[in-house]
Structures are given as C-alpha cells and as structure tokens.
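# Report on the structure
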Amino acid sequence: MDTTPESYLDLFPLEAIVYLTPDSENVLEDIDPGKVYVLGGLVDESIHKQLTLRRAREQSLQTARLPIREYMVKAPSSRNYHSETLAINQVFDVLSTFYETRSWPAALKAGVSSGKGYVLRDTAEQ
C-alpha cells in the first residue's frame, strides 16, 4: 500500500474510481484489478446516512456497496441492532479476504463482526 497527500481525484481517471459506500444501489460483485476502490469512511462515532454517497456523486464517481444483503441476514437480537456500515479496517478485511478466496461468504464472515447484527444465510438456518 502506498500513501500520498494527493487526492485520488488527481491520481486516477474518474472512470477508474469506485467509491465504496453502504448507501450505494450498486452491489460489488467482483474486484476489478483495473479499478481503484475508495473506502468511503468517516472518522466519527455517529453514522451520517447518505454522506459518503453524496460525496461520491458530487465527484461524479461510480459507487458500490458490499453484498451484505445478498449473503447475510439480520440475526435475531435482543438489541434489535442491524448495521451495514462497517469500519474501514472491516471493509479492508472483507475486500482482502474476497481477493484471496473469491468467496463473498468467506469474506463477509471474516470482516463483518457479530455486533453488526448480521449472520451468513446458512448460519441463520442452522
């Protein structure tokens, strides 16, 4: 991984950038090595709905979300808390595991903590 103070908007063509946000309507189905994935994160304890999606749209970027709804279900919980918003390190873990395994269930299991209120579909059925 390389770091730079420069903006991704200055480093890469707009058509190569995919901004990952849990509010996107587009599901990330595969990782394209020709794309640059921006993890739409905020350093904040509260969740600001649609903020990262609005930011991506203002920059005319493609967006996508992790396929949590497609592979996971809401777990019964006494807290009744369910969130598809993940910390940046969790998103990175999901993407890294998917890249290595080519399996969304394995990747989501590795990165989505039980505290988010979701479990893999086959886990819920057991």
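Look up: the structure comes first, before these words.
Let me begin by describing the structure that accompanies this report. Because the structure is predicted, anything quoted here is derived from the model rather than measured.

## What to know about the packing of helix 4 (residues 88-101) against helix 5 (residues 104-111)
Interaxial distance between helix 4 and helix 5 falls to 8 Å at its minimum, and their mutual angle equals 150°. Considered as vectors, helix 4 and helix 5 are oriented roughly antiparallel to each other. Every pair of crossing elements has a handedness; the one defined by helix 4 and helix 5 is right-handed. Counting all contacts with helix 4, which are made through Q90, D93, V94, T97, F98 and T101, the residues of helix 5 involved are W104, A106, A107, L108, A110 and G111.

## Quick notes on the nonpolar core
Soluble globular proteins: nonpolar side chains tend toward being buried together. In terms of nonpolar packing, the biggest core is built from 19 residues, with L66 and I68 touching the most fellow members. Contributing elements (two or more residues each) for this core: strand 1 (17-20), helix 4, helix 5 and strand 5 (118-120). Among the elements that take part in this core, helix 4 stands out by supplying four residues, more than any other. When sequence neighbours within four positions are dropped, the list of residues in contact with L66 reads L28, L86, V91, V94, L95 and W104.

Rules used throughout
- Residues numbered from 1 in each chain as written.
- Predicted model: local features only at pLDDT ≥ 70, side-chain atom pairs only at ≥ 80, totals over all residues.
- Heavy atoms only, no water.
- Axes fitted to C-alpha atoms, helices over the stretch in contact; angles between N-to-C directions.
- Helix = DSSP H or I, 4+ residues; strand = E, 2+ residues; numbered from the N terminus.
- Parallel < 35°, antiparallel > 145°, perpendicular 65-115°, else oblique.
- Left-handed = near helix turned anticlockwise from the far one by under 90°.
- Contact = heavy atoms within 4.5 Å.
- Core = buried A, V, L, I, M, F, W, Y, C linked by side-chain atoms within 4.5 Å.
- Buried < 20%, exposed > 50% of the residue type's maximum accessible area, 1.4 Å probe, protein only.

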